[in-house]
Amino acid sequence: MEWSKYRGYRVSIRKFIFLECCLLKKNLRRLQRQLGGGGDDHGGFQTVFRRWRRQYGGGFGGGHGGSSLFIEPSTNLKFRLYGLGIGLGRWRSPKCKGVLPPGSMGLPLIGETIQLVIPSASLDLPPFIKKRIKRYGPIFRTNIAGRPVIITADADFNHFLLRQDGKLVDTWSMDTFAEVFDQASQSSRKYTRNLTLNHFGVESLKSKLLPQMEDMVRKTLSTWSSHQSVEVKSQSVTMAIDFAARQIFSGDLENAPLNISDMFRDLVEGLMSFPINIPGTSHHKCLQIHKKVREMMRGVVTKRLAESELRQQHGDLLDHIIQDKNTESFINEDFIVQLMFGLLFVTSDSISTTLALAFKLIAEHPLVLEELTAEHEAILKNRENPNSTLTWDEYKSMTFTLQVINEVLRLGNIAPGFFRRALKDIPVNGYTIPSGWVIMIATAGLHLDANQFEDPLEFNPWRWKEIQSSVVAKCFMPFGSGMKQCAGAEYSRVLLATFLHVLVTKYRWAMVKGGKIVRSPIIRFPDGFHYKISEKNN
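Reading the values: the criteria
Residues numbered from 1 in each chain as written. Predicted model: local features only at pLDDT ≥ 70, side-chain atom pairs only at ≥ 80, totals over all residues. Heavy atoms only, no water. Helix = DSSP H or I, 4+ residues; strand = E, 2+ residues; numbered from the N terminus. Contact = heavy atoms within 4.5 Å. Pairing = 2+ DSSP bridges. Axes fitted to C-alpha atoms, helices over the stretch in contact; angles between N-to-C directions. Salt bridge = Lys/Arg side-chain N within 4 Å of Asp/Glu carboxyl O. Buried < 20%, exposed > 50% of the residue type's maximum accessible area, 1.4 Å probe, protein only. Polar contact = N/O pair within 3.5 Å; in protein donor to acceptor, adjacent residues only side chain to side chain.

A.B. asks: How should I be thinking about the environment of Arg-420 in this particular structure?
C.D. replies: Its place among the elements puts Arg-420 in strand E5 (residues 418–422). Residues Arg-420 and Leu-168, 252 residues apart in the sequence, show an inter-C-alpha distance of 9.5 Å. In this structure, Arg-420 is in contact with Leu-162, Asp-165, Val-169, Asp-170, Thr-171, Trp-172, Trp-437, Val-438, Ile-439, Ile-441 and Lys-484, ignoring residues within four places of it in sequence.

This is the structure:
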């Protein structure tokens, strides 16, 4: 996204604030003249209020007795201004039984949303977070889209919070995410996690998914190499969605009525937009995409439900859910449709973004490419049958490959953070996080912490050889942490490792155009990553 997209918003907001201040000053002066105070505001608002109390008494009526029901225009204006002053005071200093963490609540209604989404052309921390950590420390308060939020980049506190789910905090999503990905009950979340692990977890990867992944990657790269250039990010989205669709509902999206890959790219832009559902806004477009994809998924579910009555089985995730429909009360058609939509999205965006970034970083670091290639060529050389497919033991032997993937994930910070909601007041470092407030665990602040990762902006996979396990546990969480770690974490790593295995042993690549990186705060590639993929001549 370009700076010009946000510049207009900033100008409009400044103009709005300027006009409101002018109107407030004009009305205040008029009020003072009506109360006999002259045209200049020497005493300020509180002086005017005290003079009004002396003149009209403490009641809400005219005269000293306060018995009249008539309220003069100046008095009405007075109440409006006084109410505005109280409202602004409460906005800036919300109620708290202790001391709030330092920070600013920004402008009424919108908070600091505009500052949060201002783009920066760097892999570094978003300026919004970096500036506030420098000013307030690793834990600070803000307001996003009218909602009070605590942002924390404190490793110890984050580690503690992620082990308090259901006790001090609960999983939460910002407004747009909540509308697109319905907030589920505790029982349905547990069911979804177990279902995902059943179909995308380690056992499924070992028994059937790994060879399917390799076959899919080989076909994909063969197709890419037949073109003059490919935009890796968008094509990776298509690859990831197609593969996930086959596992979820045996779907063939090549003949689908909607281009889900393109729609999901637009969906991501809307997820971080201000939640105003007006035609023309990113939020409105996001909700419309959500509706269209859900309608397509509903058609699949309706057809499958009819087939299930005829005892036709496909052996995929959708069949599994339909079978469980008879035993789990929360499973209905809407739940199934939403679950399918969510799984398609999460298995596509993060993988495609990480893969595109890996293309760029590996190509820019020849020594990394050299060691990566050596590791995978050694795997091929050690096989008894050179034409056999990847095995689970071979995947687990990819030590340097997994270090490369970790380093790409650390620098990429695909998700800006994880959200929790305080279930009760939480004390931390002498401050209090009020019950009901949202807490954003800023993973980028951990991944780019110079105290834990030397030269944090440098792409250095070798650093993972010496990193202590305690640092990994507290400061590296691309897929979350604890019991709420993403159920598809191993699936993502295996798919990325499989892709790199085929890529470095069979192909070479060179950038044709693009390569610009923008974070706002989600990482995006506005010009794309266009590469020429060529098969090696062995």
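A.B. asks: What is the right way to look at the sheet that holds strand E1 (residues 139–144) in this model?
C.D. replies: Sheets are built from strands that pair by backbone hydrogen bonding, the pairs being arranged parallel or antiparallel. Strand order in the open sheet formed by five strands is E1-E2-E8-E5-E3, with mixed pairing between adjacent strands. Lying at the two open borders of the sheet, with one neighbouring strand each, are E1 and strand E3 (169–171). Taken pair by pair, the neighbouring strands of this sheet meet at an average axis angle of 35°, ignoring direction. The sheet contact formed by strand E2 (residues 147–152) and strand E8 (residues 438–441) spans four bridges and is parallel. Residue pairing across strands places Val-149 opposite Val-438, the latter belonging to E8. On the sheet, helix H5 (residues 127–136) packs against E1, E2 and E8 and is oriented at approximately 135° with respect to E1.

A.B. asks: Teacher, can you tell me more about unusual backbone geometry here?
C.D. replies: Residue Pro-521 is reached from Ser-520 by a cis peptide bond, and omega for that bond is -15°. With respect to the element layout, Pro-521 can be found in the loop between strand E10 (518–519) and strand E11 (523–524). Of note, the phi angle at Asp-455 is positive, near 45°, even though the residue is not glycine. Inspection of the secondary structure puts Asp-455 in the loop between helix H19 (443–447) and helix H20 (469–475).

A.B. asks: I'm lost on the pattern of salt bridges in this one. Help?
C.D. replies: A pair can form between side chains of opposite charge whenever their charged atoms are brought close. Throughout the structure, instances matching the rule amount to 18 salt bridges. A salt bridge links Arg-132 to Glu-112, with the shortest nitrogen-to-oxygen separation between them at 3.0 Å. Highlighted residues: Arg-132 in helix H5 and Glu-112 in the loop between helix H3 (73–92) and helix H4 (113–117), separated in sequence by 20 residues. With relative accessibility at 5%, the residue Glu-112 sits in the buried group. Connected through shared salt-bridge partners, Arg-304, Glu-307, Asp-316 and Asp-319 make up one network.

A.B. asks: Before we go on, may I ask you to explain the side chain of Asn-406 in this structure?
C.D. replies: Note that Asn-406 resides in helix H18 (residues 399–412). The buried category is assigned to Asn-406, whose relative accessible area is 15%. With residues near it in sequence (within four places) discarded, Asn-406 still touches Trp-464, Phe-476 and Arg-493.

A.B. asks: Can you walk me through the sheet that holds strand E4 (residues 230–231) in this structure?
C.D. replies: Taken in spatial order, the three strands line up as E4-E12-E9 in an open sheet, and their pairing is antiparallel. At either margin of the open sheet sits one strand with a lone partner, and together these are E4 and strand E9 (507–514). Bridge analysis of E4 against strand E12 (residues 529–535) gives two bridges, and the strand direction is antiparallel. Its bridge partner being in E12, Glu-231 is matched across the sheet by His-530.

A.B. asks: Looking at this structure, how should I read the side chain of Asp-165?
C.D. replies: Of note, Asp-165 is situated in the loop between helix H6 (155–161) and E3. One polar contact links Asp-165 to Arg-420, side chain to side chain, over a distance of 2.9 Å.

Nothing here speaks to function; it is all geometry.
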